[in-house]
Amino acid sequence: MSIFHNIYQGLLSACYIWRKEMIRVFKDEGVFMFFLVVPIAYPLLYSWIYNNESVHEVPVCVVDDAHSAMSRQFIRQCDASPDVRVAYYAQDLDEAKSLVSRQLVKGIYHIPSDFQAKVCRMEQGVISVYCDMSLMLTYKAIFQTAQMVTMEMGTELKTQLGGHYTAREETIASRPLDYDDVPLFNPQGGYGSSVLPAVLILILQQTLVLGIGLSAGTARDENPHRNLIPIGDVRYQSTLPIVMGKAMCYVMIYAVMGAWLVAVVPRLFHFPQLATWQTLLTIMIPYTLACIFFGMVVSCMVKYRENVMLLVVFISVPLLFMTGVSWPQSNIPGCWQGVSWLFPSTFGARAYVRLNTMGASLSDVMTEYRNLWIQAGVYFTLACAVYRFQFFKARQQAVERLEFLRHKRHMK
């Protein structure tokens, strides 16, 4: 009967701690903001900013020193493209650079005076392209438009000089190997569809760690001796109920926030949605648990509320790069790949992107799936260990305080 009684008392303690933690979440403004406001608002803000997947009608300036039929053809074809708009004509490069410095245009097309003469002499004609590199999307639009137009003009010249007699011969000569350009996994070819799914997964981890850290800081502030575990309350005398009670609170909140991040937001902004809800649930369960226990471990190492904010904000961008989504995983050094394995977002982002964006099956991400469960188990064990250490530390301080008071009374 004592075993069942201990289990019953442990469940009562866990439910009490869950209730206290839930009250703290809604009572503490900082914790409430990071648990509820930020997971709802941030994905909408980021997705809205990058909702236009690609840029169109980027203004450029043309410096046409050739004034020839071929240079005018190049300008017309560039202006007719959907990505570039010829907004200004400049007399020289200095005038064009001033337009760029005033942000009236994002790039310059410079056609030299000997452009058509070189082409007619069967020499290579050169067109200089100057791009504003402050935004990679505008650079891509300006450069690729010039590249495609020059390739098209080169194909036309090759066809005219080939001496072919039929349209079929001209087609084969201009394009001997036909192909269809089909963009995989990112039909819009935009930044949002490629990077934002990983950002959504990272937001879940970062807000969890921030909220748990702030909650732990509040618990320390409410304790006269800045201990994480209150002494004197019998419901806080066992480690497992403490960890499970807090975890139940966070699981209940992030069951809703996780569904919002990985299922609702992508649909609102038309990101690729290839995974079923059952597959997403299978991945999100170990990922959420790993993030919760990871946040609990970090919260025990942070003494003040402000420190966890500085730590998490500092590592947000490196964690995004280490997922291998915005930067190729093969180009990440081995030591940094080892560091990335410490964070649940690494395996969570890779699994989510491959499932939901690339159409992979659960068997294709089995490595990430297993690693998430391993992280959940390891961080659960560490959370129990650090809370056990906090309990003994608080009890030792209480004993020392009691001995000090006894010694002081004896001296009187």
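Residues numbered from 1 in each chain as written. Predicted model: local features only at pLDDT ≥ 70, side-chain atom pairs only at ≥ 80, totals over all residues. Heavy atoms only, no water.

Visitor: Whenever I open this one, the overall build of the protein confuses me. Can you help?
Guide: From N to C terminus, the protein includes 14 helices and four strands. Relative to its 412 residues, the protein shows a buried fraction of 42%. About 23,100 Å² of surface is accessible on the protein, with carbon and sulfur atoms providing 63% of the total. (Helix = DSSP H or I, 4+ residues; strand = E, 2+ residues; numbered from the N terminus. Buried < 20%, exposed > 50% of the residue type's maximum accessible area, 1.4 Å probe, protein only. Areas by Shrake-Rupley, 256 points an atom, 1.4 Å probe, with all protein chains shown as cover.)

Visitor: What am I meant to see in the side chain of Glu-21 here?
Guide: Secondary-structure assignment places Glu-21 in helix α1 (residues 2–27). A residue is classified by how much of its surface remains accessible, and Glu-21, at 1% relative accessible area, is buried. Within the local environment of Glu-21, its side chain forms a polar contact with the side chain of Ser-215, the two groups lying 2.4 Å apart. Only 3.0 Å separates the side chain of Glu-21 from the side chain of Lys-246, close enough to count as a polar contact. In this structure Glu-21 touches Ser-215, Lys-246, Cys-249 and Tyr-250, once residues within four positions along its chain are discounted. (Polar contact = N/O pair within 3.5 Å; in protein donor to acceptor, adjacent residues only side chain to side chain. Contact = heavy atoms within 4.5 Å.)

Visitor: Would you take a moment to explain the pattern of salt bridges for this structure?
Guide: For side chains of opposite charge, pairing can occur when their charged atoms come near one another. By the definition in use, this model includes five salt bridges. The partner of Arg-24 in a salt bridge is Glu-21, and the shortest N-O contact between them spans 3.1 Å. Here Glu-21 and Arg-24 lie together in helix α1, a separation of three residues that amounts to about one turn. Counted as one network, the salt bridges with shared partners bring together Glu-21, Arg-24 and Lys-246. (Salt bridge = Lys/Arg side-chain N within 4 Å of Asp/Glu carboxyl O.)

Visitor: Would you explain the environment of Ala-87 in this entry?
Guide: Note on placement: Ala-87 falls in strand β2 (residues 84–89). Taking the relative accessible area as the measure of exposure, Ala-87 reaches 27% and is therefore partly exposed. Ala-87 sits 26 residues away from Cys-61 along the chain, and the two C-alpha atoms are 6.0 Å apart. Those residues in contact with Ala-87, other than ones at most four positions away along the chain, are Pro-59, Val-60 and Val-105.

Visitor: Would you take a moment to explain the packing of helix α8 (residues 191–222) against helix α11 (residues 305–322) for this structure?
Guide: Packed helices, taken two at a time, are described by the angle their axes make and the gap between the axes. At their nearest, the axes of α8 and α11 sit 9 Å apart, and the two run at 165° to each other. The angle between α8 and α11 falls in the class roughly antiparallel. Between α8 and α11 lies a crossing whose hand is right-handed. Each residue belonging to the contact of α8 with α11 can be placed in one class, and the counts come to 13 nonpolar, six polar and two charged. (Axes fitted to C-alpha atoms, helices over the stretch in contact; angles between N-to-C directions. Parallel < 35°, antiparallel > 145°, perpendicular 65-115°, else oblique. Left-handed = near helix turned anticlockwise from the far one by under 90°. Nonpolar A, V, L, I, M, F, W, Y, C, P; charged D, E, K, R; others polar.)

Visitor: Help me understand α11, please; the structure alone is not making it clear to me.
Guide: Side chains three or four residues apart in an α-helix point the same way, a direct result of the helix having 3.6 residues per turn. With 18 residues, α11 extends 26 Å from end C-alpha to end C-alpha; this agrees with the ideal 26 Å at 1.5 Å per step. In the structure, α11 departs most strongly from a straight axis at Ser-316, where the bend amounts to approximately 40° and where the proline Pro-318 lies between one and four residues downstream. If you check which residues of α11 are buried, you get Val-308, Val-312, Leu-319, Leu-320 and Met-322. In this structure, the buried side of α11 is in contact with α8, α12 (334–340) and α13 (344–356). Of the residues trailing α11, Gly-324 is marked for its positive phi of about 85°. (Expected span 1.5 Å × (residues − 1). Bend = angle between axes of the 7 residues up to and from the residue.)

Visitor: Could you clarify how one ought to interpret the packing of aromatic side chains in this entry?
Guide: One pass over the structure, following the stated rule, counts 11 aromatic pairs. Ring geometry for Phe-26 versus Phe-32: centroids 5.9 Å apart, planes at 50°, classification tilted. A centroid spacing of 5.6 Å and a plane angle of 65° characterise the contact between Phe-35 and Tyr-250, whose relative ring orientation is edge-to-face. You can see Phe-35 sitting in helix α2 (residues 29–49) and its partner Tyr-250 sitting in helix α9 (residues 239–268), a full 215 residues away along the chain. Neither residue differs from the other here; Phe-35 and Tyr-250 are each classed as buried. An aromatic cluster of three or more residues is present, and its members are Phe-35, Tyr-250 and Tyr-254. (Phe/Tyr/Trp six-rings, centres within 6.5 Å; stacked < 30°, edge-to-face > 60°.)

Visitor: Is there a simple way to think about unusual backbone geometry in this case?
Guide: In terms of backbone geometry, most residues other than glycine have negative phi values and most peptide bonds are trans. Phi angles above zero are rare outside glycine, and Gln-103 is one such case at about 60°. By secondary structure assignment, the location of Gln-103 is in the loop between α4 (93–101) and β3 (107–111). Judged by its relative accessible area of 42%, Gln-103 is partly exposed.

Visitor: I would appreciate a short explanation of empty space enclosed by the protein in the present structure.
Guide: With the rule as written, the count across this model stands at one cavity of 30 Å³ or more. The space that makes up the largest cavity amounts to roughly 40 Å³. Every residue lining the largest cavity is listed: Glu-21, Ile-212, Ser-215, Ala-216, Lys-246, Tyr-250, Ser-299 and Tyr-387. When contributions to the lining of the largest cavity are tallied by element, the ones reaching two or more residues are α8 and α9. The element contributing the most residues to the lining of the largest cavity is α8, with three residues. Each residue belonging to the lining of the largest cavity can be placed in one class, and the counts come to four nonpolar, two polar and two charged. (1 Å grid on protein atoms, 1.4 Å probe; cavity = no way out; pocket = protein on both sides within 12 Å on 5 of 7 lines; lining within 4 Å. Points joined across faces, edges and corners; volume = space filled by probe spheres on them.)

Remember, this is a structural readout, not a statement about activity or role.
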